[in-house]
Amino acid sequence: MPYNLQTVRERLFKESDEKYGKFSSGLLPDTENILGVRLPVLRKFAKEIVKNNGENEYLKESNLHYFEEIMLQGMVIGFLKEDYQSVKKRIKSFIPKIDNWSVCDSFCCGLKIVKGNEDDFLEFLMPYLYSKKEFEVRFGVVILLDYYINEKYIDTVLEILDAVQHDGYYAKMAVAWAVSMCYVKYPQKTFRFLKKTSLNSWTVNKSIQKITESLKVDSKSKQKIVTLKRS
């Protein structure tokens, strides 16, 4: 089948679930035009598009109206078998389409091509981390927490997070999430970071909340981390 906007949209309508659409709308209050197609169905469809060499046809479509159409494009990029530089160009073209946390986080999770290209991709990422656009910042931060919280990059990640200044809710939530994940893997370094960080009090307190909610952090550590909560 051709993978143009019309045929893909018809397929998405067939796969839609009104009840699930209402549920998704509750999680994405600022997002309209949700059909209600479940993520595993979208991933399977994205794999099909790539397997049948339909990515060029679908990714060139720009008149996207439904949440799932945007999500699907992001998933297609994640499954591409193209070389790193080509995929990076696809990523750059897609980022302006991100307008909610769900598309952002799913897109980031699917970009396995970052692995093995961390140094170059970090350089690519920097302008987004300090962007004035909320979801560009969230994209950058979620990429960090998905691929860079490791021995080689932890100090760099904490340094970058300390400098993220965007006041948008979804950007701040991403930073808090990333800090909590840093704590799970590197508690001592992250504790020291939280003691001296220049992040705003809201983000610090939300980071601490997420740490205390983690099942991977012991009760003694949770008692200690709450002492850093700001008033």
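Within an unreviewed UniProt entry, the label attached to the protein reads DNA alkylation repair protein, and the organism entered is Candidatus Scatousia excrementipullorum.

Attention now goes to the packing of aromatic side chains. Two aromatic rings are characterised by how far apart their centres lie and by the angle between their planes. One pass over the full model with this rule turns up twelve aromatic pairs. Between Tyr 128 and Phe 139, the aromatic rings sit 5.8 Å apart at their centres with planes inclined by 85 degrees, giving edge-to-face as the arrangement. Of this pair, Tyr 128 sits in helix H8 (residues 118-129) while Phe 139 sits in helix H9 (residues 134-147); the two residues are eleven residues apart in sequence, bridging distant segments of the chain. Joined through ring pairs, the aromatic side chains of Phe 94, Phe 107, Phe 121, Phe 124, Tyr 128 and Phe 139 make up one cluster. The side chain of Arg 11 reaches across the aromatic face of Phe 45, ending 4.1 Å from its centre. Lying over the aromatic face of Phe 191, Lys 224 brings its terminal NZ or CZ to 4.7 Å of the ring centre.

Moving on: the packing of helix H1 (residues 5-15) against helix H3 (residues 39-51). Interaxial distance between H1 and H3 falls to 11 Å at its minimum, and their mutual angle equals 150 degrees. It follows from the interaxial angle that H1 and H3 lie roughly antiparallel. The hand of the H1/H3 crossing is right-handed. Each of Val 8, Arg 11, Leu 12 and Glu 15 in H1 lies in contact with H3, whose residues at this interface are Val 41, Leu 42, Phe 45 and Glu 48. Its residues assigned to classes, the contact of H1 with H3 comprises five nonpolar, no polar and three charged.

Of note in this structure, Asn 33 is not a glycine but carries a positive phi near 60 degrees. Structurally, Asn 33 can be placed in the loop between helix H2 (18-27) and H3. Relative accessible area serves as the criterion here: at 33%, Asn 33 is assigned to the partly exposed category. Look at Asn 53: it is not a glycine, yet its phi comes out positive at around 60 degrees.

Mapping Thr 197 onto the fold places it in the loop between helix H12 (187-196) and helix H13 (201-213). The exposure class assigned to Thr 197 is buried, which follows from its relative accessible area of 6%. Within the local environment of Thr 197, its side chain forms a polar contact with the backbone nitrogen of Leu 199, the two atoms lying 3.0 Å apart. The contact partners of Thr 197, leaving out residues within four places of it in the chain, are Asp 162, Val 204 and Arg 230.

Reading the values: rules and limits
- Residues numbered from 1 in each chain as written.
- Predicted model: local features only at pLDDT ≥ 70, side-chain atom pairs only at ≥ 80, totals over all residues.
- Heavy atoms only, no water.
- Phe/Tyr/Trp six-rings, centres within 6.5 Å; stacked < 30°, edge-to-face > 60°.
- Helix = DSSP H or I, 4+ residues; strand = E, 2+ residues; numbered from the N terminus.
- Lys NZ or Arg CZ within 6 Å of the ring centre and 35° of its normal.
- Axes fitted to C-alpha atoms, helices over the stretch in contact; angles between N-to-C directions.
- Parallel < 35°, antiparallel > 145°, perpendicular 65-115°, else oblique.
- Left-handed = near helix turned anticlockwise from the far one by under 90°.
- Contact = heavy atoms within 4.5 Å.
- Nonpolar A, V, L, I, M, F, W, Y, C, P; charged D, E, K, R; others polar.
- Buried < 20%, exposed > 50% of the residue type's maximum accessible area, 1.4 Å probe, protein only.
- Polar contact = N/O pair within 3.5 Å; in protein donor to acceptor, adjacent residues only side chain to side chain.

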